[in-house]
Amino acid sequence: MTDVTKAPNPVAAAFCDAGLTALIAFALFLPLIGFQAISNIRNEIVVTWRGTFLFTLVAIIGCGRLCFALAIDPWLKRRALRPAKATPAWRAVFGKWFIPFAIGFTIVYPFVVLATAGTGGALKWVDNFGIQILIYIMLGFGLNIVVGLAGLLDLGYVAFYAVGAYSYALLAKEFGFSFWILLPLAGCLASFWGILLGFPVLRLRGDYLAIVTLAFGEIIRIVLVNFVALTNGYAGIGGIPRPSFFGIPFNADDNGFAAVFGLPFTPIYRTIFLYYLILGLALLTCYVTIRLRRLPVGRAWEALREDEIACRSLGINTTNTKLTAFAMGAMFAGFAGSFFAARQGFISPESFTFLESATILSIVVLGGMGSQIGVAIAAIAMIGGTEITRDLDFLKQIFGSTFDPTQYRMLIFGFAMVLIMIWRPRGLISTRSPSVFLKERKTISADLVGEGHG
Amino acid sequence: MRDPADILLRVEQLTMRFGGLVAVDHLSFEARKGEITALIGPNGAGKTTVFNCITGFYKPTEGRIGLRHGGMAAWDGLEALTDSGKRQAKHGDGALFLLERMPDYLVSQQARVARTFQNIRLFPGMTVLENLMVAQHNRLMLASGYTLLGVLGFPSYAAAERAAIEQARAWLDRVGLIGRADDPAGDLPYGAQRRLEIARAMCTEPVLLCLDEPAAGLNPRESAELNELLLSIRTDNHMSILLIEHDMSVVMEISDHIVVLDYGVKIADGSPEAVRNDEKVIAAYLGVPDAEVAKVEAEVGA
């Protein structure tokens, strides 16, 4: 270090760096991992030494740092110096065919799964993955209108989902209305609540808006918990009528779906029907949102996100514009909620906690605010990711049979999210596509697009 | 051709107080149709406050701001409208608006007063064309049946949108930005952003265009181009313009009528020549000669 004329040996420097990193890791993990305190049968605390585990981790971190310093870092530097290559031809072809392919895949997905995994396996893949992800895609599309387009930060979005679910459950049980009548009705009721929330929060921006929407979400949940006479409180509502296939119920009766079509009875038919139902709803939401973006109301939402004062100087009624954003977003959440109630057959306030709002919001932020494809990919990654990490049994072979991978599910997941946000700070698809063009549609880079002030 | 009595905007006894500070003090002036009226004065004279009162961004503490559409006869109903407590009244072929009673967006939507801002307020993440489409929001909203017909894809909206794009294209031609129509507005150089903001204001089809320091930050060549643009908007579009400006080369060259403010009070009002030679204006801008300091001090009681 004292000899400035001589360039430092990169390999020696890398080893030095890796050693230092390993040392820091050792110091950090020594109390956290090195010692384990377990209370024994007489309730005494016994400290055990976990040397192997500790040194394995320190070695992994040291080697990782060495790898980075010797291979990845020089590679990144070389890559940064190289002139930018023109977009390869396959990217253009990929961009052109990606959406039709993705929609085609979602349509054939249940049958692909049915053919490969059999009836028993397909139930898990269509229900846990297909339907679950599509519900969140739909919720993501709905919240994208409020957060991504209009730039209003809404932390209580799950409230509208709950309104939709309880509207369907209560009206279907009390009055016996069919799913197809209650679906639009639940959407209307949810958007009514959206407008109701919209009025008091119109003057608020940024953090203040976020806090009030958060409070609104909690109010709805607490009302659902405590208004026992109507909602049955924590016990929830069970036995919610299931949607039927044009009047044919999915049961084992003689007039059930399987019997009518001469098929052997399995629960998979209902699941596949529900899958196509939510797929249709999600595609409808996506289509309507894309249409709205090209209509004056959609442009006004985006203009509102960019500059509210300029909007008012152009004669745009910002109050109404914000209310329509809240109402549209809430309406789609209401649709999704009534579907959720119909699919589960049982709902309780436990399904509508703040964690749900946070999940939906992170789908929108992770996907890139305002981007439909980004939101869909983020929902697949987030929901599919949490489902996939349920089966991490292979980790037992690494960390021993006492290791319970499900406990680390959220840790792994959170770590993955941090990495994605470092790699793509403005979300997976952060560029904006203009709603109208004269000669060619050029995408707009994220640093010009506003994030809204609430 | 222009009638000196053809009053479009009448500001009377306008006062705006912020707590103990009187930003504008009983200001009265008139802007005539088809003229460029300039509002000048040293920094902090209250010019932008007057603008914000006219365009509804501030509610004035006192005073009346009347604007007419159509013929001069509309002014006859001014007192009746004031007493009625309403914002606007139809009068024969025209209408009369009391701007101090209207919220900001209605000033643009119904009274048709468009404005630009001292620190440019474009939508930087939207393209140049989209900026001009947002300006035609209210017309397009009506054509899209308040979104309902638009979502269902009715042809009436498609036609209205084509017309809106045509109008935007015409304005982009006028301000020389047609080649950059599909670029984001935030990517434009400063002078082009100023011109785009004027084009955007014109796309709302106003009867009065209020420009807050349109030449700020422009170089002499851009400033000369701006003069040409404003004169052509006045002559070819028969637009009335109200202008705040510091750049005297712009003000003296294009204004038909100048109002000078100092500390919220009107100190001069008249043609450019008259204002240029007005002693009070010279004193406000340059200070008074040494010989007169004693006299001025005695006047203000120092």
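These numbers were taken from a predicted model, which means no experiment stands behind them.

Details of the overall build of chain B
Across its full length, chain B holds 13 helices and 11 strands. The C-alpha radius of gyration computed for chain B amounts to 21 Å, which stays within 12% of the reference 19 Å derived for 302 residues, consistent with globular compactness. Once the C-alpha set of chain B is aligned to its principal axes, its extents read approximately 75 × 50 × 45 Å. Within chain B, the fraction of its 302 residues that count as buried is 44%.

So, the overall build of chain A
On a plain count of helices and strands, chain A comes out with 16 helices and 2 strands. Principal axes of the C-alpha set define a box for chain A whose edges measure 85 × 70 × 45 Å. By residue count, 38% of the 454 residues in chain A fall in the buried class. Within chain A, residue pairs in contact and separated by at least 24 positions form 72% of the contacts whose partners lie at least 6 positions apart.

A few points about the packing of helix α3 (residues 89-149) of chain A against helix α13 (residues 354-367) of chain A
Angle between the axes and distance between the axes: these two values describe a pair of packed helices. Residue and element names in this part refer to chain A. Viewed as axis vectors pointing N to C, α3 and α13 meet at an angle of 70 degrees, and their least axial separation amounts to 9 Å. The angle between α3 and α13 falls in the class roughly perpendicular. On α13, the residues that touch Tyr136, Leu139, Gly140, Leu143, Asn144, Val147 and Gly148 of α3 are Ile360, Leu361, Ile363, Val364 and Gly367. Considering only residue class, the contact of α3 with α13 consists of 8 nonpolar, 4 polar and no charged.

Here we look at the interface of chain A and chain B
At the interface, 34 residues of chain A touch 34 residues of chain B. When residues of the side of chain A that touches chain B are traced back to their parent elements, those giving at least two are α9 (268-293), α10 (296-306) and α11 (308-313) of chain A. The greatest single-element share of the side of chain A that touches chain B, amounting to 7 residues, is contributed by α10 of chain A. Of the residues contributing to the side of chain A that touches chain B, the split by class is 18 nonpolar, 6 polar and 10 charged.

Some words on the packing of helix α7 (residues 155-175) of chain B against helix α8 (residues 190-202) of chain B
All names here are of chain B. The N-to-C vectors of α7 and α8 enclose an angle of 145 degrees; their axes lie 10 Å apart at closest approach. In the packing of α7 onto α8, the handedness of the crossing is right-handed. Contact residues: α7 offers Trp171, Leu172, Arg174 and Val175, while α8 offers Arg195, Leu196, Ile198, Ala199 and Met202. Per-class residue counts for the contact of α7 with α8 are 7 nonpolar, no polar and 2 charged.

Let's talk about the domain arrangement of chain A
Annotation of chain A at the domain level lists domain 1 (10-81) and domain 2 (122-388). Of note, the centres of domain 1 of chain A and domain 2 of chain A, computed from C-alpha atoms alone, are 44 Å apart.

Let's talk about the nonpolar core
Here is a general trend for soluble globular proteins: nonpolar side chains tend to be buried in one another's company. All names here are of chain A. Ranked by size, the top nonpolar core spans 186 residues in total, and within it Met138 and Ile278 carry the most contacts. Here this core takes 17 residues from α3, the largest share from any one element. With residues up to four places along the chain from it excluded, the contact list for Ile278 reads Ile131, Leu134, Ile135, Met138 and Phe339.

Things to note about the sheet that holds strand β7 (residues 113-115) of chain B
Residues and elements named next belong to chain B. With mixed pairing, the 6 strands of this open sheet are ordered in space as β7-β8-β9-β3-β10-β11. The open sheet terminates on both sides in strands that have one partner only, identified here as β7 and β11 (265-270). Taken pair by pair, the neighbouring strands of this sheet meet at an average axis angle of 15 degrees, ignoring direction. As defined by bridge partners, strand β10 (residues 257-262) adjoins β11 across 5 bridges and the pair is classed as antiparallel. Its bridge partner being in β11, Asp262 is matched across the sheet by Val265.

Quick look at the pairing of strand β1 (residues 35-39) of chain A
Residues and elements named next belong to chain A. Among the 5 residues that make up β1, 0 are buried, leaving the element largely open to the surroundings. Relative to strand β2 (residues 45-49), β1 runs antiparallel, the two sharing 5 bridges. Across the sheet, the residue bridging to Ala37 is Val47, located in β2. Adjacent in sequence and paired antiparallel, β1 and β2 are bridged by 5 residues, among which Asn43 carries a positive phi angle near 65 degrees.

Looking at the domain arrangement of chain B
As a measure of interface size, the accessible area lost when the parts come together is often cited. All names here are of chain B. You can read the domains of chain B as domain 1 (1-112 + 206-302) and domain 2 (121-204). Here the C-alpha centroids of domain 1 and domain 2 sit 28 Å apart. Residue assignment for the side of domain 1 that touches domain 2 shows that the elements contributing at least two residues are α3 (104-109), β8 (208-212) and α9 (220-237). The element that contributes the greatest number of residues to the side of domain 1 that touches domain 2 is α9, accounting for 3 residues. Here the side of domain 1 that touches domain 2 is composed, by residue class, of 7 nonpolar, 3 polar and 1 charged.

A short note on the pairing of strand β4 (residues 62-69) of chain B
All names here are of chain B. Where strand β1 (residues 7-18) and β4 come together, 5 bridges link them in antiparallel fashion. Note on β4: the bridge partner recorded for Glu12 is Arg64. Sheet topology places β4 next to strand β6 (residues 94-98); 4 bridges connect them, and they run antiparallel. From the neighbouring strand, His69 faces β6, where its bridge partner is Ala95.

What to know about the sheet that holds β4 of chain B
All names here are of chain B. Spatially, 5 strands are ordered β2-β1-β4-β6-β5 in an open sheet, and the strand pairing comes out antiparallel. Taken across any chain shown, the strands that pair with only one partner, and hence form the sheet edges, are β2 (21-32) and β5 (88-91). This sheet shows a mean twist of 15 degrees between the axes of neighbouring strands, independent of strand direction. Inspection of the sheet shows β1 paired to β2 by 8 bridges, in the antiparallel sense. Across the sheet, the residue bridging to Met16 is Val24, located in β2.

Here's the deal with the environment of Ala89 of chain B
Residue and element names in this part refer to chain B. Position of Ala89 among the secondary structure elements: in strand β5. Since 17 C-beta atoms lie within 10 Å of it, Ala89 is described here as partly exposed. On a C-alpha basis, the gap between Ala89 and Arg68 in space is 9.7 Å, while along the polypeptide they are 21 residues apart. With residues near it in sequence (within four places) discarded, Ala89 still touches Gly77, Leu81, Ala95 and Leu96.

Describing the confidence of the model for chain B
Residues and elements named next belong to chain B. Chain-level pLDDT for chain B is 88 on average; 95% of the residues reach the 70-or-more range. Summarising per-element confidence for chain B, the mean pLDDT is lowest in helix α13 (residues 293-300) (70) and highest in helix α4 (residues 128-135) (94). What the predictor reports for the complex is a pTM of 0.85 with an ipTM of 0.89.

So, unusual backbone geometry
Residue and element names in this part refer to chain B. Positioned with a positive phi, Glu213 is a non-glycine residue whose angle comes to about 50 degrees. Tracing the backbone shows Glu213 in the loop between β8 and α9. Residue classification places Glu213 among the buried residues on the basis of 21 C-beta atoms within 10 Å. Of note, the phi angle at His238 is positive, near 55 degrees, even though the residue is not glycine. Structurally, His238 can be placed in the loop between α9 and β9 (240-244). Using a count of 10 C-beta atoms within 10 Å as the deciding quantity, one classes His238 as exposed.

What counts as what
Residues numbered from 1 in each chain as written. Chains lettered and ligands numbered in written order. Predicted model: local features only at pLDDT ≥ 70, side-chain atom pairs only at ≥ 80, totals over all residues. Helix = DSSP H or I, 4+ residues; strand = E, 2+ residues; numbered from the N terminus. Rg over C-alpha atoms; globule rule 2.2 N^0.38 Å. Buried ≥ 20, exposed ≤ 12 C-beta atoms within 10 Å, placed from the backbone. Contact = placed C-beta atoms within 7 Å. Axes fitted to C-alpha atoms, helices over the stretch in contact; angles between N-to-C directions. Parallel < 35°, antiparallel > 145°, perpendicular 65-115°, else oblique. Nonpolar A, V, L, I, M, F, W, Y, C, P; charged D, E, K, R; others polar. Left-handed = near helix turned anticlockwise from the far one by under 90°. Domains from an automatic or database assignment. Core = buried A, V, L, I, M, F, W, Y, C linked by C-beta atoms within 7 Å. Pairing = 2+ DSSP bridges. pLDDT = per-residue confidence, 0-100.

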